[in-house]
Amino acid sequence: MADQRPPSTITLTPGKRVLFLTKDLDLIKQQLYDGLELQMKDLTVDDLLDDINTDVMTPAWVCFDHDPAEIAKNAYAGLMHNGLRVFRENALKDGQFEVIVSGQRKGTGSSRETAAQCERWAGINIVIAASFAPIHERNNINLGQLMGTHAMLERLQAGESIALSEFTAKYDPVTQLIVEHGGLFPFAKALKAGELDLAPLNTPSRPMTMAERIISRNLVGQPEGQCVKPGDPVIAEVQGGYSHEFTTAQVHTFLAEVYGEGYTLPNPDKFAVFEDHLLYAHHNPKFVPFMDKVQTLRDLQVAFQQHTGVRDYSAIDGVSPGICHQVAREEFIEVGDFIQATDSHTCMGGASNALTWGVGATEYANLVSAGFTFVKVPESIRFELVGSLNPGCTAKDVILAILADHARKELTLNRSMEFGGPGLASLSVDERATLCNMATECSGRTGICEADEALLEWMIKAQPHLSLSEQRARSVKPDEGAHYDGGVHVIDLSSIVPMVAHPGDPDQGVPSDPTNGANISDIGEVAINIAYGGSCTAGKEDDIAYYAQVCQAAKDAGLKVKAGVDFYIQYGSGQVKALAQRMGWHDLFLEVGVKLIDPGCGACIGAGPGVSITPEQVTVSAINRNFQGRSGPGKLYLASPLTVAASAFTGTISSWQDDLFA
Ligand code: SF4
């Protein structure tokens, strides 16, 4: 948190080094341990690792430390080669590196700020990549990290000095000020102290997308009705937010460091803490040694809640109220809200026609203490849904198709993914939440669905304190003629087929990634050891109904879960579990051999029953991401709830059809 303003001219520091994250992992080891020095002029971007995800930079167990200096000791602990860590403890720090270099899409995956922290606190202050995942880029900015291109690095290595302004030229004026001040906290302090003047917004009246509409109506310090356009740097009010036990400790610590131990929050009732991510962590033998650190995280979350008075969703008798994103939808995200929370799947709230996205601990700490946040208005991409899904297909197949096509082409990168069109009505609100949830896997800024009568009815049942007309008045729709930088893409739902995202071949440089789409009909026979149904993506009421549909058919056919397969279902919230009990699904699941897990996150984050134990194990899972090592060392295929359940009974990855067990 120390003030570390970058100099106005950037040069490489004598004695400091540049680390190239090459696809050839042996070259990384030679740089780390044998003093190998590489030059950008001798390499191409293709030689460098793409899609380095935040789980690789700081796997879950590394995040059990909340002190960034401790986190830095295990930077890149998730990068494995032949089953061994490429980066041993302290390897990044001890290497005296100040620049780190990779290929495309640096920092995909979860929003964890620890990934950016691990580099910063290991001495890195310049990060070079061809592109960055949006939240990771923002986290770097908030920490004051400089991000540059491979061409700039070539010049630096040739001994050239580069003006700081060249590093910041691509940013809006507010982001430039944040970087020039050395990060978000020093910037916010300067702003509060009246030391900074922000340029007035002069965007003329224009048709706006849904994301732009919501930002525009939350502008602070601008006239009523002021329009925004992509790239506008604005200060916007947020209606609420939340953090969980993986992130709250840092929020508490940072606020105490910056504003003193007696800091207060202006609107604590708008914010919440959840105990959902680590409740079942002790089930993973790898995490058992860290349980004292997990307890520290829990204790610090309790301390934060008691200190600030934010809404409390702590576990009761060891059972979580549910996954934060699911409970937030059920209980407090309202139509048209602007919500920010410390987790990348915050975007799931977009199903409620709200603008919701994940932020790092630094940004969250800043917004809970200020009540507003700094936003660069994102570009949008529209998905116009037409037709309806064929039997055996779900929203998960739709988003896997978008991942394999639009996201792989980077059309969704950093954009608000707007879902609308007549086909949207054929998807339930829970299914829409699946689309929005995985906007983050698309490296999108967020996902947001149009409001319709189905949503308003769902909202009335979930949150009866608002009337139908109040809900309707809060809803947003895109203006006629709104501009989509990512284009308008028609998705014919009837053309969607059951899909998986396959686990690639990480040892050969093909990462396990949600964009590895494949039609199930093309993957041949893939035997499985684990089927997992749960997570924020697939632990909702309608997902549980899908599992129940298949389990009922299996029961009618006299089947049980295939011998040698473990089929886990984890409820997304207490409400979801209660529904399963009311509907008789809970008993049905037990009858056919499903292993049921109480609400919360679990195997999805490698912290609960259902993780793989050996590299040979194969999992088919309804969760949202299959990054290497996230849910154990095995191979993980992403698939729909129907596919997961069907596969549990056949023992091989199988799409669902009504006569599958006939
Ligand atoms: S279920 Fe998984 S992806 Fe969702 S919030 Fe929990 S850990 Fe994150």
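Report on the accompanying structure.

The rules behind these values
Residues numbered from 1 in each chain as written. Predicted model: local features only at pLDDT ≥ 70, side-chain atom pairs only at ≥ 80, totals over all residues. Heavy atoms only, no water. Helix = DSSP H or I, 4+ residues; strand = E, 2+ residues; numbered from the N terminus. Rg over C-alpha atoms; globule rule 2.2 N^0.38 Å. Buried < 20%, exposed > 50% of the residue type's maximum accessible area, 1.4 Å probe, protein only. Near = heavy atom within 4 Å. 1 Å grid on protein atoms, 1.4 Å probe; cavity = no way out; pocket = protein on both sides within 12 Å on 5 of 7 lines; lining within 4 Å. Sits in = over half its atoms within 2 Å of the grid points. Points joined across faces, edges and corners; volume = space filled by probe spheres on them. Disulfide = S-S within 2.5 Å. Nonpolar A, V, L, I, M, F, W, Y, C, P; charged D, E, K, R; others polar. Pairing = 2+ DSSP bridges. Axes fitted to C-alpha atoms, helices over the stretch in contact; angles between N-to-C directions. Right-handed = clockwise from strand over helix to strand, strands pointing away.

### Comments concerning the overall build of the chain
When helices and strands are tallied, the chain shows 24 helices and 26 strands. Against the compact-globule benchmark of 26 Å for 662 residues, the chain has a radius of gyration of 24 Å, which places it among compact chains. Expressed along its principal axes, the backbone C-alpha trace of the chain runs to roughly 70 × 60 × 45 Å. Considering the chain as a whole, with its 662 residues, one finds that 62% of them fall into the buried category.

### Brief notes about unusual backbone geometry
For Asp51, which is not a glycine, the phi torsion comes out positive at approximately 55°. Within the element layout of this structure, Asp51 appears in the loop between helix H1 (25-33) and helix H2 (54-57). Residue classification places Asp51 among the buried residues on the basis of a relative accessible area of 15%. The phi angle at Asn353 is positive, at roughly 60°, despite the residue not being glycine. Within the secondary structure layout, Asn353 lies in the loop between strand E13 (338-341) and strand E14 (355-358).

### Description of the site of the ligand
The full set of residues close to the ligand is His277, Ile323, His325, His345, Ser535, Cys536, Cys601, Cys604, Ile605, Asn624 and Arg630. Of all the cavities here, the one that holds the ligand is the largest cavity.

### Remarks on empty space enclosed by the protein
Summed over all chains, the structure comprises five cavities of 30 Å³ or more. Approximately 370 Å³ is the volume attributed to the largest cavity. Along the wall of the largest cavity there are 32 residues; nearest its centre are His244, Phe246, His277, Thr342 and Asp343. Going through the elements one at a time, helix H12 (248-259) and helix H20 (535-538) are the ones with two or more residues in the lining of the largest cavity. Approximately 60 Å³ is the volume found for the second largest cavity.

### A word on the state of the cysteines
Under the defined criterion, the tally for this structure stands at zero disulfides. Cysteine Cys551 is unpaired, with the sulfur of Cys393 as its nearest cysteine sulfur at 19 Å. On the accessibility criterion, Cys551 (0% relative accessible area) is buried.

### Some details on the layout of surface pockets
Volume-wise, the largest pocket comes out at about 970 Å³. Lining the largest pocket are 42 residues, with Met80, Gln628, Gly629, Gly632 and Pro633 sitting closest to its centre. Counting residues per element, the ones that place at least two in the lining of the largest pocket are H2, strand E3 (80-81) and strand E26 (635-638). A per-class count over the lining of the largest pocket returns 17 nonpolar, 16 polar and nine charged. By volume, the second largest pocket is sized at about 610 Å³. Together, 28 residues line the second largest pocket, and Pro134, Glu137, Tyr171, Lys376 and Asn414 are the ones closest to its centre. For the lining of the second largest pocket, the secondary-structure elements that each account for two or more residues are helix H6 (134-142), strand E7 (146-148) and strand E15 (372-376). Looking at which element gives the most residues to the lining of the second largest pocket, the answer is H6, with four residues. Classifying every residue of the lining of the second largest pocket by side-chain character gives 14 nonpolar, six polar and eight charged.

### Considerations on the sheet that holds strand E19 (residues 488-492)
Strand order in the open sheet formed by four strands is E18-E17-E16-E19, with parallel pairing between adjacent strands. Both outer strands of the open sheet, strand E18 (446-449) and E19, are each paired with one neighbouring strand and no more. With strand direction ignored, the average angle separating the axes of adjacent strands in the sheet is 25°.

### Some details on the pairing of strand E5 (residues 97-101)
For a regular strand, side chains alternate in direction, first toward one face of the sheet and then toward the other. E5 sits mainly inside the fold: five of its five residues count as buried. Sheet analysis places strand E2 (residues 17-20) next to E5, joined by four bridges and oriented parallel. From the neighbouring strand, Val18 faces E5, where its bridge partner is Val99. After leaving E5, the chain enters helix H5 (residues 114-120) and then returns to the sheet as strand E6 (residues 126-128), a path that is right-handed.

Purely spatial values, then, with no claim about function.
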